[in-house]
Amino acid sequence: MSIEQIISPFYTKLPEESFRKELVLGQFCWVPIGYLYKIPFVLEVERADPQEVYISRFRTVHVSEQHFRGNRKLPIKGLSLRLNEELLVTAAKRRPCIVVCNSFTTMDELTERSISLGLLPKHLLYKPIVVVPVYGIKNEHRDGGFPPEVVARVKVLMYNQFFYLPSYRKIGFEEGIARLDRLNIIIPDHNRAVCDPMPFALSEDALGILLAMLRSLFGSIEEPELEALKEILKESLPQEVFR
């Protein structure tokens with residue numbers, strides 16, 4: 001027995017006329033997700049000629065103690081970098097993601113006049129969302145991804161940072177693993193290049209378990225319902241899965 005056998009239905013279809021207009025908790029969307037490196041990369045840029053303000057030379061290097069210390073000598077046209085700022089560089093991939101937070105408090109009581117007078121930075125008015133990215137599973141068609149031995153454990157909630165997602169054949173969604181240890185914050189603003197909504201979401205029961213796991217991951221006492229579910233799933237699998 002595994003998580004997808006206990007939760008039914010696992011997904012729910014969203015109305016065609018509204019799924020793009022306002023993201024809801026548990027909804028899936030496509031988002032560019034950067035890779036997480038142990039040591040980040042920065043893009044070092046410099047002028048080829050002290051008299052030329054356009055970028056003409058750059059290199060990618062691991063971040064080191066010399067970065068973020070105001071060592072840049074000359075400003076470069078097109079890069080509005082302060083002396084203590086650097087350009088981070090990362091590879092990224094467009095992945096399915098699950099919305100797990102979309103209700104930050106808005107500042108509706110503050111007027112445009114406050115912004116125009118410079119009393120309120122615009123970024124304080126952004127309406128971000130938090131998403132959990134989904135990663136693939138290794139199979140005969142995919143070399144990378146989570147190996148079967150790990151997937152078997154994820155299906156019974158052995159890892160508090162991974163959540164199994166079964167296939168949803170109605171829309172061609174393949175099974176995957178939601179990584180709670182890779183939370184991303186984005187500002188969708190109806191830009192489909194940044195966030196492209198999908199017409200389905202986790203069911204109420206599936207979302208409840210995912211959010212309970214998130215609360216536990218962030219230090220809350222594990223809820224009795226989640227603890228009981230883990231025990232039920234654990235008892236249903238052969239002991240060799242746990243070795």
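Given the structure is predicted, the values throughout are model-derived calculations rather than measurements.

## Topic: the overall build of the protein
Working step 1: Assigned secondary structure in the protein consists of five helices and 11 strands.
Working step 2: Taken over the C-alpha trace, the protein has a radius of gyration of 22 Å; the compact-globule value for 243 residues is 18 Å, which it surpasses by more than 25%.
Working step 3: Oriented by its inertia axes, the alpha-carbon framework of the protein measures out at about 70 × 45 × 35 Å.
Working step 4: For the protein, the proportion of its 243 residues judged to be buried stands at 35%.
Working step 5: As displayed, the protein has an accessible area near 15,600 Å², and 53% of this comes from carbon and sulfur atoms.
Working step 6: Counting 31 positive and 31 negative side-chain charges, the protein places the centres of these two groups 6 Å from one another.

## Description of the pairing of strand E8 (residues 162–165)
Working step 1: Here E8 shows a buried face lined by Phe-162 and Tyr-164 and a second buried face lined by Phe-163 and Leu-165.
Working step 2: As paired elements, E8 and strand E9 (residues 176–179) share four bridges and run antiparallel to each other. Directly across from Phe-162, in E9, lies its bridge partner Arg-179.

## Here we look at the nonpolar core
Working step 1: If you look at the biggest cluster of nonpolar residues, it comprises 51 residues, and the most contacted ones within it are Phe-28, Phe-163, Leu-165 and Leu-202.
Working step 2: Take this core: its biggest share by element is eight residues, from helix H4 (residues 204–217).

## Some details on the pattern of salt bridges
Working step 1: Considering all chains together, one arrives at 11 salt bridges under this definition.
Working step 2: Here the salt bridges do not stand alone but share partners, grouping Arg-20, Arg-94, Arg-192 and Asp-196 into one network.

## Some remarks on the domain arrangement of the protein
Working step 1: According to the domain assignment, the protein consists of domain 1 (3–34 + 93–241) and domain 2 (37–89).
Working step 2: Computed over C-alpha atoms, the centres of domain 1 and domain 2 are 35 Å apart.

## Some details on the sheet that holds strand E5 (residues 87–89)
Working step 1: Pairing is antiparallel across the open sheet formed by three strands, whose spatial order is E4-E3-E5. The outermost strands of the open sheet, each flanked by one partner alone, are strand E4 (57–62) and E5. If you compare each strand with its neighbour and ignore which way they point, the axes differ by 35° on average.
Working step 2: When strand E3 (residues 41–46) meets E5, the two strands line up antiparallel, connected through three bridges. Each bridged residue has a counterpart across the sheet, and for Leu-43 the counterpart in E5 is Leu-87.

Analysis parameters
- Numbering of residues starts from 1 in each chain and follows the order in which that chain's sequence is written.
- Note on the predicted model: pLDDT of at least 70 is required for a residue's local features to be given, and 80 or more for side-chain atom pairs to be given and counted; whole-chain, interface and lining totals, by contrast, use all residues.
- In computing side-chain values, all of the structure's heavy atoms are included and hydrogens and water are not.
- Where helices and strands are cited, they refer to DSSP runs of H or I of at least four residues and of E of at least two residues respectively, numbered from the N terminus.
- Note that the radius of gyration is over C-alpha atoms, with the globule rule given as 2.2 Å times the number of residues to the power 0.38.
- Note on exposure labels: buried denotes an accessible area under 20% of the residue type's maximum, exposed denotes more than 50%, and partly exposed covers the range between, all computed with a 1.4 Å probe on protein chains only.
- Only the protein chains shown count as covering a residue, and every accessible area follows the Shrake-Rupley method with a 1.4 Å probe.
- Charge counting follows a simple rule: Lys and Arg are positive, Asp and Glu are negative, and His as well as the terminal groups are ignored.
- The atoms used to mark charge sites are NZ of Lys, CZ of Arg, CG of Asp and CD of Glu.
- Whether two strands pair comes down to DSSP finding at least two bridges between them.
- In plain words, nonpolar cores are sets of buried Ala, Val, Leu, Ile, Met, Phe, Trp, Tyr and Cys residues tied together by side-chain atoms within 4.5 Å.
- Salt bridges are counted wherever a side-chain nitrogen of Lys or Arg sits within 4 Å of a carboxyl oxygen of Asp or Glu.
- Boundaries of every domain are those given by an automatic assignment or by a domain database.
- Lines fitted to the C-alpha atoms define the axes, with helices restricted to the stretch that makes contact. Angles between their N-to-C directions range from 0 to 180 degrees.

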